[in-house]
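Letter by letter, the chains look like this.
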Amino acid sequence: MMSLPKAEMTIFETMLARRSVRRYKARKVDRTSINILLEAAVRAPTATHQEPWAFVIIQDKQLLQNLSDQAKPSFLSEVGQNSAAHIGQAYDAENFHIFYNAGTLILICGKTTAPLYAADCWLAAENLMLAACAMGLGTCVIGSALSTLNTPETKVLLNIPERFCVVAPIVVGYPDDAIAPVLRKNPIVLANIPAATITS
Ligand SMILES: Cc1cc2nc3c(=O)[nH]c(=O)nc-3n(C[C@H](O)[C@H](O)[C@H](O)COP(=O)(O)O)c2cc1C
């Protein structure tokens with residue numbers, strides 16, 4: 001196993017610090033860091049131990065731009081301008097980059113024949129994003145690019161076999177500014193059933 005960086009944050013501190021980053025520095029994420037992120041990803045739990053994930057790493061600026069240009073109108077036609085506006089992004093603005101000009105896009109692809117492959121891939125995604133945060137890297141899931149990334153033409157272009165699909169597209173880069181932790185609603189507990197209260 002490769003040597004992993006010493007975490008400077010506890011896992012809970014990392015969970016609290018992780019935010020979706022939408023402004024990135026130009027600095028490139030190097031291959032060693034990407035390998036560490038992939039190593040973190042594949043440590044996720046996996047249904048029936050199938051490990052049904054595979055990865056595509058894209059750092060080509062022109063390709064990212066082309067995919068962004070394709071994904072924006074496609075996402076708009078799927079959800080409509082109103083829903084897109086709800087997520088606070090002008091998908092029809094010419095200069096809006098769906099990948100936020102991040103230098104790296106990692107696609108977590110799932111083998112569709114494996115049971116619960118999407119769950120496995122999302123668990124891998126969270127591992128990757130927490131590891132990135134602990135390493136001073138920012139990430140953001142780009143669900144709005146999913147349809148474009150899963151067209152047959154794009155899959156061929158990205159060397160994704162037919163039996164795989166893109167589950168979690170995640171941009172990675174060095175954050176341009178610090179983002180404060182966000183408040184979350186308290187957990188909703190639907191039932192709290194202490195031991196031995198059900199009599200039958
Ligand atoms: C499945 C999924 C899809 C998402 N898609 C997008 C997206 O297309 N564009 C975007 O800017 N953020 C996207 N996000 C990020 C969410 O907007 C973000 O996680 C949420 O607002 C909470 O903010 P936080 O991650 O900073 O805690 C996505 C998150 C998830 C889990």
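Above this text you will find the structure in question.
The rules behind the values
- Residues numbered from 1 in each chain as written.
- Predicted model: local features only at pLDDT ≥ 70, side-chain atom pairs only at ≥ 80, totals over all residues.
- Heavy atoms only, no water.
- Pairing = 2+ DSSP bridges.
- Helix = DSSP H or I, 4+ residues; strand = E, 2+ residues; numbered from the N terminus.
- Axes fitted to C-alpha atoms, helices over the stretch in contact; angles between N-to-C directions.
- Contact = heavy atoms within 4.5 Å.
- Near = heavy atom within 4 Å.
- Polar contact = N/O pair within 3.5 Å; in protein donor to acceptor, adjacent residues only side chain to side chain.
- Areas by Shrake-Rupley, 256 points an atom, 1.4 Å probe, with all protein chains shown as cover.
- Nonpolar A, V, L, I, M, F, W, Y, C, P; charged D, E, K, R; others polar.
- Buried < 20%, exposed > 50% of the residue type's maximum accessible area, 1.4 Å probe, protein only.
- Salt bridge = Lys/Arg side-chain N within 4 Å of Asp/Glu carboxyl O.

**Q** So what exactly am I meant to see when it comes to the sheet that holds strand 4 (residues 164–173) here?
**A** What holds strands together in a sheet is hydrogen bonding between their backbones, with the strands either parallel or antiparallel. Taken in spatial order, the four strands line up as 1-2-4-3 in an open sheet, and their pairing is antiparallel. Each having just a single partner strand, strand 1 (53–58) and strand 3 (138–141) make up the two edges of the open sheet. Going from strand to strand, the sheet's axes swing by 25° on average, the running direction of each strand aside. In this structure, strand 3 lies alongside strand 4, joined through four bridges in antiparallel fashion. Within strand 4, the position partnered with G138 by the bridge is G173. Taken strand by strand, helix 2 (residues 31–41) contacts strand 1, strand 2 (104–111) and strand 4, and its axis lies near 160° from that of strand 1. The strands touched by helix 4 (residues 117–134) within the sheet are strand 1, strand 2, strand 3 and strand 4, with strand 4 carrying the most contacts at an inclination of about 10°.

**Q** For this particular structure, what's the right way to read the site of the ligand?
**A** If you check the shell around the ligand, you find 13 residues, and the closest are R19, S20, Y100, S144 and R184. Take S20: an N or O atom from its side chain is 2.6 Å from an oxygen atom of the ligand. Measuring from an oxygen atom of the ligand, one finds a side-chain N or O atom of R22 at 2.8 Å. If the ligand stood free it would expose 620 Å²; the protein chains cover 64% of that surface. When the residues that make up the shell around the ligand are grouped by side-chain class, the tally is six nonpolar, three polar and four charged.

**Q** Please clarify how the environment of A125 should be interpreted in this entry.
**A** Looking at the element boundaries, A125 is found in helix 4. A residue is classified by how much of its surface remains accessible, and A125, at 0% relative accessible area, is buried. Considered as a pair, A125 and T113 are twelve residues apart in the sequence and their alpha carbons are 19 Å apart. Discounting residues that sit within four places of it in the chain, A125 has contacts with I108, A168 and I170.

**Q** Explain the pattern of salt bridges to me, please; I cannot follow it from the model alone.
**A** When charged atoms on two side chains of opposite charge get close, those side chains can pair. According to the stated counting rule, one finds three salt bridges in the structure shown. One salt bridge connects R23 with D177, and the closest N-O pair in it is separated by 3.0 Å. Here D177 lies in the segment after strand 4 and R23 lies in the loop between helix 1 (11–17) and helix 2, a separation of 154 residues in the sequence. Among the salt bridges present, the one from E39 reaches R43, with a minimum N-O distance of 2.6 Å. Residue classification places E39 among the buried residues on the basis of a relative accessible area of 15%. Given the relative accessible area of 53%, R43 is considered exposed.

**Q** Quick question: what am I supposed to make of the pairing of strand 2 here?
**A** The side chains of a regular strand alternate between the sheet's two faces. Burial of strand 2 is extensive: seven of the eight residues sit out of reach of the surface. Of the pairings in the sheet, the one linking strand 1 to strand 2 comprises six bridges and is antiparallel in character. Bridging from a neighbouring strand, F55 pairs with I108 of strand 2. Sheet topology note: the strand 2/strand 4 ladder contains eight bridges and is antiparallel. Within strand 4, the position partnered with L107 by the bridge is P169.

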